[in-house]
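Structural features, examined
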Amino acid sequence: MTVPAFARVPGVPASDDAALLARLAAALRRSGFTHDGVARLLGPGATSALERDQAVPALRVLEPVLADEAAPGRGLAAVVVLFLLGRTAPAAALAQALAPLGPAELVGLGLAETVPGGLRALVDLRPHAADDGTELWVASDLGASQRPGVLRRDHVLGIGQASLTLAQTTDRRAVDRALDLGTGCGIQTFHLLAHARHVTATDVSDRALGFTRFNLVLNAAALDLDPERLEDRVDLCRGSLLEPVAGERFDLVVSNPPFVITPRRPGETAEQRWTYRDGGLPGDRLVADLVGALPQVMAPGATAHLLGNWEVPRSGDGTPAADRWAERPAAWVAPGTDAWVIQRELVSPEEYAETWLRDAAESRDPEGYERAYRDYLDDFAARGVEAVGFGMVRLRRPGPERPAGEGRRRFEHLPHPVQQPLAPVLAAAERRADWLEDRAGDWTGAHLVVPEDVTEERHQRPGAEHPGVILLRQGAGLRRTVVLTSEAAGLVGACDGELSTAQVLAALAGLLGWTGDEAQRLTEEVRALVRDGFLVPAQDGTAG
Ligand SMILES: C[S@@+](CC[C@H](N)C(=O)[O-])C[C@H]1O[C@@H](n2cnc3c(N)ncnc32)[C@H](O)[C@@H]1O
């Protein structure tokens, strides 16, 4: 029998025996190796420490359990020690936890190796509870806290904070075809399978595609897949960026691309790069190319969701980076494409270098660390980089209902905590923008209301007759705060859905004796409040 593509990649667990993987999934479930089961066993302190890659609190909880052969939870403790902590786990306790599967099957699949004292994991395997409640197990390479030394160059990333951020930012509408570019262990694909008929998952790394395939087969039942006919719902394609899908069209695209800015070295080879984060291009070129080219594979009406970094070059006139960061990403977007870029962080070159040197555990090699740190600063200096931004990019290719134009653009720095998952918030904002655009100058006929989460805050000097500052705050969504004029505050206060905006404006004009362009200015201010969800049309789907 022929072995399916990516089912037997060296150094990756094998996925050509679907029946065995179904038995493994059943054994893992029976052992209690679920998101909640592990949290119960470890307790809150050790669980959150483990989320920060700190194993010591978990070891302190688990060691006494493993030492006592009669302790309840001993089997689960062994599974956690093996797959989450990357330490040696006693074979007998594992056999007890996973029966009828035994250590031999774990070794045969390439999940673990036999070492003195028991078994040691060759991969990270962890439970993952998706937002819709689906419980999965996801295999990836062992992380920096689970193995000694610097990460291997072809490291396949597990579920990280960036993966979750992207998953929570992705539209979960039902679509026909979705693309997951740079799939890694497959995390975005698993989420996409809940609402896409078919997913194409690409990567340059055979090891990544091997892990994705293993995870798909292991979780076939939960993901509603026939493990013998994966291609009915998922295609795994090897290739760089858009090359493997050239000429195709998708309704939804997601990518957590290898966006990490990395100093290039003369004569470097692909094997010298950390594939999981470095696409091999100078500076932020990979993200620039991707943002510019993605519309080529987007069907009309499609959205694309990606994460990225962008460099902010030093300005000649001393304008701070915070005021100029959007210039580069704005130049990348293809004409006719809507783009919404939300910058979550803006850091100095030094902070950037430190973050990414830590990420691959390069600090474990002090000499190499110093060299790599210098390389980073030289590289940024050569391009005159003053700061580096990180954030989310949402692209939309307008459908036939929208006239072809330049495309709607929005670039915002929102570093504060926002509601998660964020995707419904962004989609609602897009609907409000469509609503305003559809009505052009005519939207003031609408009756507006103030959403439940919006509150007003007035700051008034003691003894002052009027407030000096009036703020409107959102408790949910993007949790924006906006400074209001007193006229806008008056209008917002009157927005109970009873009168149309035009009627409230006319009433204010009469009351305040307006003779100039006051109504026009207030209309613009209110338009921005509608765009940002501080006011929403009464009984209209644009609110949420
Ligand atoms: C940051 S990881 C993202 C993994 C996963 N999608 C997630 O959300 O966590 C980036 C992935 O892109 C892959 N990659 C690197 N260079 C690529 C390229 N030129 N084209 C496509 N994928 C690439 C890497 O192998 C890696 O799996």
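For every chain, the first residue of the written sequence is number 1, and numbering continues from 1 onward in sequence order. Whole-chain, interface and lining totals are the exception, using all residues; otherwise, since this is a predicted model, local features are given only for residues with pLDDT of at least 70 and side-chain atom pairs are given and counted only at 80 or more. Only heavy atoms go into the side-chain values, all of them from the structure, while hydrogens and water stay out.

**So, the UniProt feature "domain: DUF7059" (unreviewed entry) in the protein**
UniProt positions are given in the numbering used here, feature names are shortened, and annotations may be inferred rather than shown by experiment. Per the UniProt record, the feature "domain: DUF7059" (unreviewed entry) sits at residues 31-121. For residues 31-121, the end-to-end C-alpha separation is 17 Å, with 59% helix and 9% strand making up the annotated structure. The numbering of helices and of strands both runs from the N terminus, where a helix is a DSSP run of H or I of at least 4 residues and a strand a run of E of at least 2.

**Remarks on the pairing of strand β3 (residues 124-129)**
Strands are labelled as partners when DSSP assigns at least two bridges between them. Relative to strand β4 (residues 135-140), β3 is paired through six bridges, and the arrangement is antiparallel. Bridging from a neighbouring strand, Leu125 pairs with Ala139 of β4.

**Re the pattern of salt bridges**
Just to be clear on terms, a salt bridge is a Lys or Arg side-chain nitrogen sitting within 4 Å of an Asp or Glu carboxyl oxygen. Inspection of the entire model under this criterion finds 35 salt bridges. Its salt-bridge partner being Arg264, residue Glu268 comes within 2.7 Å of it at the nearest N-O pair. Residue class for Arg264 comes out partly exposed when judged on its relative accessible area of 24%. Salt-bridge contacts for Arg480 lead to Asp532; the nearest nitrogen and oxygen are separated by 3.8 Å. Taken together, the positions of Arg480 in the loop between β15 (469-474) and β16 (481-484) and Asp532 in the loop between α19 (518-531) and β18 (536-537) put the pair 52 residues apart, joining distant regions of the chain. The buried category is assigned to Arg480, whose relative accessible area is 9%. Where salt bridges share partners, they join Asp171, Arg173, Asp338, Arg394, Arg396, Arg408, Glu430, Asp434 and Glu437 into one cluster. Each residue is assigned to one of three classes by its accessible area relative to the maximum for its type, calculated with a 1.4 Å probe on protein chains only: buried under 20%, partly exposed between the two thresholds, exposed over 50%.

**Description of helix α9 (residues 206-218)**
A helix is expected to reach a length of 1.5 Å times the quantity of its residues less one. The first and last C-alpha atoms of α9 sit 18 Å apart over 13 residues, in line with the 18 Å expected at 1.5 Å per residue. Summarising burial for α9: 12 of the 13 residues are buried, a large majority. Polar contact is the term for a pair of N or O atoms within 3.5 Å; when the atoms are in protein, one must be able to donate a hydrogen and the other to accept it, and sequence-neighboring residues count only if both atoms are side-chain atoms. For α9, the N-terminal capping position is held by Ser205, with its side-chain oxygen 3.2 Å away from the main-chain nitrogen of Arg207.

**Quick word on the packing of aromatic side chains**
Classification of ring pairs rests on two measures: the distance between centres of Phe, Tyr or Trp rings, Trp counted by its six-membered ring, which must be within 6.5 Å, and the angle between planes, read as stacked under 30 degrees, edge-to-face over 60 and tilted in between. Per the stated rule, a full pass over the model turns up 10 aromatic pairs. Considering the side-chain rings of Phe259 and Phe390, the 5.8 Å spacing of their centres and the 40° angle between planes classify their relative orientation as tilted. Pair noted here: Phe259 is in the loop between β8 (250-255) and α11 (285-293) and Phe390 is in strand β11 (residues 385-396), with a separation of 131 residues, a long-range link. Judged on exposure class, the residue Phe259 and its partner Phe390 are both buried. Between Tyr352 and Tyr376 the ring centres are 6.2 Å apart and the planes differ by 75°, which places this aromatic pair in the edge-to-face class. Highlighted residues: Tyr352 in helix α14 (residues 349-359) and Tyr376 in helix α15 (residues 366-382), separated in sequence by 24 residues. What makes Tyr376 buried here is its relative accessible area of 3%. Ring-pair connections join several aromatic residues into one group, and the members of that group are Phe259, Tyr352, Trp356, Tyr376, Phe380 and Phe390.

**Notes on the pairing of strand β9 (residues 298-313)**
Of all 16 residues making up β9, 13 are buried, and the element is well covered by its neighbours. Strand direction decides the pairing type here: β8 and β9, joined by five bridges, are parallel. Residue pairing across strands places Val253 opposite Ala304, the latter belonging to β9. Following the chain from β8 across α11 to the adjacent parallel β9, one finds a crossover that is right-handed. Where β9 lies against β11, 11 bridges are found, and the strand directions are antiparallel. Following the sheet pairing, Asn309 is matched in β11 by Phe390. Viewed with both strands pointing away, a crossover whose connecting path from the first strand over the helix to the second turns clockwise is right-handed.

**Brief notes about the packing of helix α18 (residues 501-512) against α19**
All axes are obtained by fitting lines to C-alpha atoms, using only the stretch in contact for helices, and the reported angles, taken between N-to-C directions, cover 0 to 180 degrees. Where α18 contacts α19, the two axes come as close as 11 Å, and the packing angle between them is 140°. Put simply, α18 runs oblique to α19. The element α18 and its partner α19 pack so that their crossing is right-handed. Contact residues: α18 offers Thr501, Leu505 and Leu508, while α19 offers Ala519, Leu522, Thr523 and Val526. Tallied by class, the residues present in the contact of α18 with α19 amount to five nonpolar, two polar and no charged. Should an angle fall under 35 degrees it is called roughly parallel, over 145 degrees roughly antiparallel, and 65 to 115 degrees roughly perpendicular, with every other angle called oblique. Here a crossing is taken to be left-handed if its near helix is turned anticlockwise relative to the far helix by less than a right angle, and right-handed if that turn runs clockwise. The contact criterion used is simple: two residues touch if any of their non-hydrogen atoms lie within 4.5 Å. Note on residue categories: nonpolar means Ala, Val, Leu, Ile, Met, Phe, Trp, Tyr, Cys or Pro, charged means Asp, Glu, Lys or Arg, and polar means any other residue, Gly included.

**Focus: the sheet that holds strand β10 (residues 338-347)**
On the basis of which strands lie adjacent, the open sheet formed by eight strands has the order β7-β6-β5-β8-β9-β11-β10-β12 and mixed pairing. Either end of the sheet is taken by a strand with one partner, and the two such strands are β7 (234-238) and β12 (409-413). Ignoring strand direction, the axes of neighbouring strands in this sheet form an average angle of 20°. Pairing analysis gives nine bridges linking β10 to β11, with the strands arranged antiparallel. For Glu345, the partnering residue across the bridge sits in β11 and is Phe390. Against the sheet, helix α7 (residues 161-169) engages β8, β9 and β11, with an angle of about 140° to β9. The sheet strands contacting α11 are β5 (175-181), β8, β9 and β11, and the helix crosses β9 at an angle near 155°.

**Overview of the sheet that holds strand β13 (residues 447-449)**
Reading across the sheet, the three strands line up as β17-β13-β18 and stay open at both edges, with antiparallel pairing between neighbours. Every other strand in the sheet has two partners, leaving β17 (496-500) and β18 as the edge strands with one partner each. Along the sheet face, α18 touches β13 and β17 and points at about 70° away from the line of β17.

**Looking at the site of the ligand**
For this description, a residue counts as near a given molecule or strand if any of its non-hydrogen atoms is within 4 Å of it. In the neighbourhood of the ligand, 17 residues make up the surrounding shell, with Ser163, Gly182, Gln188, Asp203 and Leu241 lying closest. Within the contact set of the ligand, an oxygen atom lies 2.9 Å away from a side-chain nitrogen or oxygen of Gln188. One of the side-chain nitrogen or oxygen atoms of Asp203 is found 2.5 Å away from an oxygen atom of the ligand. In this description, accessible areas are obtained by the Shrake-Rupley approach with a 1.4 Å probe, and a residue is regarded as covered only by the protein chains that are shown. Protein contact buries 96% of the 590 Å² of open area that the ligand shows by itself.

**Notes on the packing of helix α16 (residues 423-439) against α19**
The geometry of α16 relative to α19 is characterised by a closest axis approach of 8 Å and an angle of 145° between their N-to-C directions. Facing Arg432, Trp435, Leu436 and Glu437 of α16, the residues of α19 in contact are Arg527, Val530 and Arg531. Partitioned by chemical class, the residues of the contact of α16 with α19 number three nonpolar, no polar and four charged.

**Examining the environment of Gly493**
Looking at the element boundaries, Gly493 is found in helix α17 (residues 486-493). Gly493 sits 402 residues away from Ala91 along the chain, and the two C-alpha atoms are 68 Å apart.

**Some words on the UniProt feature "domain: Methyltransferase small" (unreviewed entry) in the protein**
Taken from the UniProt record, the annotation "domain: Methyltransferase small" (unreviewed entry) applies to residues 159-260. Spanning residues 159-260, this segment combines 31% helix with 25% strand, and its end C-alpha atoms are found 17 Å apart.

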